[in-house]
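Per-entry structural report
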Number of protein chains: 2
Amino acid sequence: MELVKVVGANLRATRVHRGLSLSEVARRAELGKGTLSELEAGQRNPTLETLYALATVLGVPLGRLLITEADPPVETGLVVRRADEAELPGRAVDVQLVDRTIGGGRTLEIYRIHVRAGNRYVSPAHRPRVIEQLLVHSGTLVTGPESDPETLGPGDYIRFDGGADHVYAATDEDVAGTLVMRYVDEEASAL
Amino acid sequence: MELVKVVGANLRATRVHRGLSLSEVARRAELGKGTLSELEAGQRNPTLETLYALATVLGVPLGRLLITEADPPVETGLVVRRADEAELPGRAVDVQLVDRTIGGGRTLEIYRIHVRAGNRYVSPAHRPRVIEQLLVHSGTLVTGPESDPETLGPGDYIRFDGGADHVYAATDEDVAGTLVMRYVDEEASAL
DNA sequence: TCACTGCGTTCTATAAACAGAACGAAAGAT
DNA sequence: ATCTTTCGTTCTGTTTATAGAACGCAGTGA
């Protein structure tokens, strides 16, 4: 299916879904309704400005109108059991990748994190801009940017920029937590 | 900055970043090079087909050419302390929103989840397609789609489709975990 | 019945996006 | 040095996307 037909179909589907008439949308978007009629029929090759006006009126991101099919849906139904080595008592800081999902040019990773009492670990800045989100389960963790860390207790949560050096340190007792890391994929972010 | 200028700047920046000449890109995209020259200068309002051809040649998703500026970066430095009411012992199932971040038309939510021993909760299907990702901290949790739930112990992880009815049930002991929910925004603003 | 309204399509004239030629500038090659 | 090539811009004619009018159709009310 050629692109103009895809866009036309998306336009019509979105409009109908919103319960708007063709005339109404054309009026709001300041387009001739003949124009919109032919666009929806896939008989025209809209300009950027036209697409933008329509996306605005329909309240969808412009990119959505261009999409042939939805992102291949993230597969569901995955179960990951705790690996035995997670129990290894020797490691000072243990960050275990549990799951990674990629979609829409973004990657999301979920980790189990364990820090043994008395240990301190400084993670160097990550190349792509990374957001780290950490929920502490048990123990007291000092974490965040190395320059300005926070002290978190059980149930506390922090979000910080992994793009700078950052620290994980357990003071008096072992710490368990869940770490979510997110970043925009390198290749997709080419400007 | 008007849209055509944004797109023009993106086109030029991407082309230069790829180390390609204007003529070369025009040739590969089967465009007149005058056309491309004026597009890059922001003096034209390209058609969909033209944009598509250029995006293909430049190897970027079409939507990327339309982006005005990078997503407003997710603010970092947030700390959320456990609210006292999280300690309320009475609730059967307690799902507490810790953080919500929105970007790129997607929303990510992080919850603390607590299920009291012996309780069972069925969450109805969510309207937009939601991915639920749950990491169990302590206890044994039966969770997942109501039709086919899984039994998870401490450290176990599950990803499932929140778009169908799904269950959270603790059998013999209290369960603590971290829940990540993700979905594509229904009504994201244009662009 | 007969206006009257709003609908979506088709038609027509205008504006502008396009292809390609012409141009001057800069860099290599012989 | 003078061809030669490639560059990016500007110009010109053709194609086509658009605005708006004209059209037929369906529903509504007097």
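Worth saying up front: this structure is predicted, and the values here are computed from it rather than measured.

1. Considerations on the overall build of chain A
A tally of helices and strands in chain A yields five helices and ten strands. Residue burial in chain A is summarised as follows: out of 191 residues, 36% are buried. For chain A, long-range pairs separated by at least 24 residues make up 65% of all intrachain contacts whose partners lie at least 6 apart in sequence.

2. Description of the protein's contact with DNA strand C
Taken together, 23 residues form the shell around DNA strand C, and within it A:Leu22, A:Gly34, B:Gly32, B:Gly34 and B:Thr50 come nearest. It is helix H3 (residues 33–40) of chain A that provides the largest number of residues to the surface near DNA strand C, a total of five residues. Here the surface near DNA strand C is composed, by residue class, of five nonpolar, eleven polar and seven charged.

3. As for helix H2 (residues 22–29) of chain B
Residues and elements named next belong to chain B. Val25, Ala26 and Ala29 are the residues of H2 that are buried. Along the long axis of H2, the arc covered by the buried residues comes to 100°, so they all point the same way. Turning to H2, the residues buried within the fold contact helix H1 (3–18), helix H3 (33–40) and helix H4 (48–58). A positive phi of about 55° marks Glu30, the residue just after H2.

4. Focus on the nonpolar core
Formed by 40 residues in total, the largest nonpolar core has its most connected members in A:Leu141 and B:Leu141. If we skip the residues at most four places from it in the chain, B:Leu141 touches B:Val115, B:Val136, B:Leu152, B:Tyr168, B:Ala170, B:Val175 and B:Gly177. In terms of nonpolar packing, the next biggest core, distinct from the first, is built from 39 residues, A:Leu11, B:Leu11, B:Ala53 and B:Val57 among them.

5. Quick look at the protein's contact with DNA strand D
The full set close to DNA strand D counts 23 residues, and A:Gly32, A:Gly34, A:Thr50, B:Leu22 and B:Gly34 are the nearest of them. Elements with a contribution of two residues or more to the surface near DNA strand D: H3 of chain A together with H2 and H3 of chain B. Element by element, the count of residues in the surface near DNA strand D is highest for H3(B), at five residues. A class-by-class count of the residues in the surface near DNA strand D yields five nonpolar, eleven polar and seven charged.

6. Considerations on the environment of A:Val136
Residues and elements named next belong to chain A. Following the sequence through the fold, Val136 ends up in strand E5 (residues 130–138). Under the C-beta neighbour-count criterion, Val136 is labelled buried, with 25 such atoms within 10 Å. In sequence terms Val136 and Pro154 are 18 residues apart; their C-alpha atoms lie 5.2 Å from each other. Ignoring sequence-local partners within four residues, the contact set of Val136 consists of Leu141, Leu152, Gly153, Pro154, Gly155, Asp156, Val175 and Gly177.

7. Digging into the pairing of strand E9 (residues 166–170) of chain B
Residues and elements named next belong to chain B. Burial along E9 is one-sided: His166, Tyr168 and Ala170 are buried, while Val167 and Ala169, pointing the other way, are not. The sheet contact formed by strand E4 (residues 120–123) and E9 spans four bridges and is antiparallel. Note that in E9 the partner of Val122 across the bridge is Val167. With five bridges connecting them, strand E6 (residues 141–145) and E9 associate as antiparallel partners. Bridge pairing in E9 places Pro145 opposite His166.

8. Observations regarding the sheet that holds strand E9 (residues 166–170) of chain A
All names here are of chain A. Within the open sheet, the four strands sit side by side as E4-E9-E6-E7. Their pairing is antiparallel. Strand pairing shows two members of the sheet lacking a second neighbour, strand E4 (120–123) and strand E7 (150–152), which therefore form its edges. Between one strand axis and the next, the sheet turns through 20° on average, direction left out of account. Sheet topology places strand E6 (residues 141–145) next to E7; three bridges connect them, and they run antiparallel. Bridge pairing links Val142 to Thr151 in E7.

9. What about unusual backbone geometry?
Residue and element names in this part refer to chain A. Despite not being glycine, Glu30 has its phi angle at roughly 55°, a positive value. Topologically, Glu30 is positioned in the loop between helix H2 (22–29) and H3. A count of 9 C-beta atoms within 10 Å places Glu30 in the exposed class.

10. Points about the pairing of strand E3 (residues 106–115) of chain B
Residues and elements named next belong to chain B. Among the ten residues of E3, seven are classified as buried, and the element is accordingly described as predominantly covered. Pairing between strand E2 (residues 93–103) and E3: ten bridges, direction antiparallel. Across the sheet, the residue bridging to Ile102 is Thr107, located in E3. Two elements, E3 and strand E10 (residues 175–184), share ten bridges in a ladder whose sense is antiparallel. Bridge pairing in E10 links Val115 to Val175.

11. Some words on the sheet that holds E9(B)
Sheet strands pair via backbone hydrogen bonds, and the direction of the pair is either parallel or antiparallel. Residues and elements named next belong to chain B. Overall, antiparallel pairing links the four strands, which are arranged E4-E9-E6-E7 in an open sheet. If you trace the sheet from one side to the other, it starts and ends with E4 and strand E7 (150–152), each paired once. Recorded for the sheet is a direction-independent mean angle of 20° between the axes of neighbouring strands.

Definitions and cut-offs
- Residues numbered from 1 in each chain as written.
- Chains lettered and ligands numbered in written order.
- Predicted model: local features only at pLDDT ≥ 70, side-chain atom pairs only at ≥ 80, totals over all residues.
- Helix = DSSP H or I, 4+ residues; strand = E, 2+ residues; numbered from the N terminus.
- Buried ≥ 20, exposed ≤ 12 C-beta atoms within 10 Å, placed from the backbone.
- Contact = placed C-beta atoms within 7 Å.
- Near = placed C-beta within 6 Å.
- Nonpolar A, V, L, I, M, F, W, Y, C, P; charged D, E, K, R; others polar.
- Arc of directions from axis to C-beta.
- Core = buried A, V, L, I, M, F, W, Y, C linked by C-beta atoms within 7 Å.
- Pairing = 2+ DSSP bridges.
- Axes fitted to C-alpha atoms, helices over the stretch in contact; angles between N-to-C directions.

All quantities given are derived from atomic positions and should not be read as evidence of function.
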